[in-house]
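Single-letter residue listing:
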Amino acid sequence: MDLLLLFCGRRRVMQVEGYSMWPTLKPKDRVIVRPLNQHSELPAIGSIIVCIHPQQPSRRVIKRLSCVTDNQLTILGDCPDASTDSRQWGRIPKGCLIGEVVALASTPLEQVS
Amino acid sequence: MLRSALSAIVRSLPASTVEAHCDGPCGVYDPASARVHAEAVLAMTKKLKALEAPASAADHHAALNTFARFVAVKEDEAQKTKNELLILWTDYFKPEHLATFPDLHDTFWKAAKLCSACKVHIDQGKAEELLAAVEKIHGMFWQSKGRSDAWVTAS
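Everything in this summary refers to the structure shown in the same document.

Each partner contributes residues to the interface: chain A has 34 residues there, and chain B has 23 residues. Between chain A and chain B, roughly 2,600 Å² of surface is buried when both sides are summed, and carbon and sulfur atoms account for 51% of that area. The largest per-residue losses of area from chain A upon contact with chain B belong to A:E17, A:R30 and A:Q55, which jointly make up 22% of the total buried on that side. There are 1 salt bridge connecting chain A and chain B. The partner of B:E19 in a salt bridge is A:R59, and the shortest N-O contact between them spans 2.7 Å. For the pair chain A and chain B, the interface holds 13 residue pairs in polar contact (both at pLDDT 80 or more). Mapped onto the side of chain A that touches chain B, the elements with two or more residues apiece are α1 (2-7), β1 (12-17), β2 (30-35), β4 (60-69) and α2 (86-89) of chain A. Looking at which element gives the most residues to the side of chain A that touches chain B, the answer is β1(A), with 6 residues. The class makeup of the residues in the side of chain A that touches chain B is 16 nonpolar, 12 polar and 6 charged. Across 4 bridges, the pairing between β1(A) and strand β1 (residues 16-19) of chain B is parallel. In the sheet register, A:E17 faces β1(B), and the bridge partner there is B:E19.

With that out of the way, let us pick up unusual backbone geometry. All names here are of chain A. With an omega dihedral of 5°, the bond running from W22 to P23 counts as a cis peptide bond. Here D70, not a glycine, exhibits a phi torsion of approximately 50°, which is positive. As for its placement among the helices and strands, D70 is situated in the loop between β4 and β5 (72-76). A positive phi angle, close to 60°, is found at N71, a residue other than glycine. The exposure class assigned to N71 is partly exposed, which follows from its relative accessible area of 46%.

Before going further, it helps to spend a moment on the packing of helix α2 (residues 32-50) of chain B against helix α6 (residues 124-144) of chain B. All names here are of chain B. Running from N to C, α2 and α6 cross one another at 165°; their axes reach a closest spacing of 9 Å. Between α2 and α6, the crossing angle belongs to the class labelled roughly antiparallel. In the packing of α2 onto α6, the handedness of the crossing is left-handed. Touching A34, R35, A38, E39, V41, L42, T45, K46 and K49 of α2 are Q124, A127, E128, L130, L131 and V134, all from α6. In terms of residue class, the contact of α2 with α6 is built from 8 nonpolar, 2 polar and 5 charged.

Aromatic ring pairs are reported here in terms of the distance separating the ring centres and the angle at which the planes meet. Residue and element names in this part refer to chain B. In the structure shown here, the tally under the stated rule is 8 aromatic pairs over all chains. Between the aromatic rings of Y92 and F93, the centroid separation amounts to 4.9 Å while the plane-to-plane angle is 80°, which identifies the pairing as edge-to-face. Under the relative-accessibility criterion, F93 is labelled buried at 5%. Centroid distance F93 to F101: 6.4 Å. Interplanar angle 85°. Geometry classified as edge-to-face.

Thresholds applied
Residues numbered from 1 in each chain as written. Chains lettered and ligands numbered in written order. Predicted model: local features only at pLDDT ≥ 70, side-chain atom pairs only at ≥ 80, totals over all residues. Heavy atoms only, no water. Contact = heavy atoms within 4.5 Å. Buried area = accessible area lost by both parts, 1.4 Å probe. Salt bridge = Lys/Arg side-chain N within 4 Å of Asp/Glu carboxyl O. Polar contact = N/O pair within 3.5 Å; in protein donor to acceptor, adjacent residues only side chain to side chain. Helix = DSSP H or I, 4+ residues; strand = E, 2+ residues; numbered from the N terminus. Nonpolar A, V, L, I, M, F, W, Y, C, P; charged D, E, K, R; others polar. Pairing = 2+ DSSP bridges. Buried < 20%, exposed > 50% of the residue type's maximum accessible area, 1.4 Å probe, protein only. Axes fitted to C-alpha atoms, helices over the stretch in contact; angles between N-to-C directions. Parallel < 35°, antiparallel > 145°, perpendicular 65-115°, else oblique. Left-handed = near helix turned anticlockwise from the far one by under 90°. Phe/Tyr/Trp six-rings, centres within 6.5 Å; stacked < 30°, edge-to-face > 60°.

Here it is in structure tokens:
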């Protein structure tokens, strides 16, 4: 279904860089992202989401949604030692939310450099 | 097999990058390190200015030794201050921060120059200027993180 929506332009494919979501996601994994807008219902707590970097708007980051308070999101990496997230940034505005990961196309470990 | 085929299709599609890493190798930055070293520069400068001439020839070598040690520590602490400032300037702060802090480069450049001035001279005024510059950078740093941590000195 998501693949069909992908070809309809209703889903986006993104490629992961870095280890902050290890072991759930690893570098070169592909994720299918359902875009969200200001009016969309927020993803469930525990979902993996894609956001605008709160301090560097040109960058996109992928983290897990940990908590929602007053339209502010607390996002954390699954691998704290390799992650910069709400522990450094604090809560980020809901407006930074780009989408929710709905599917994963994993890359074989031997292809991860 | 179907799953594998679908994964292969997804992997063959063009994809934008989404980052799952930290901002720095460790992600830990704090202007407190620069502040501690800058405070040490000021303290050593004050100690050097307070040194008195030896009362006798017998005290001469001891006085020279103390003077040399104080200067060496001042020199070392000023260089450490500069190193800490350069880490913040070149690793932590990003081009996006210039929109909020248009004088960011000038502030760091002048602070780095003050580190050099504190090495070259025994100048309490320069050491106090350096500490003030570090305080300004402290404010910029925490503002960039959406925080307003108080400026607290050790001495």
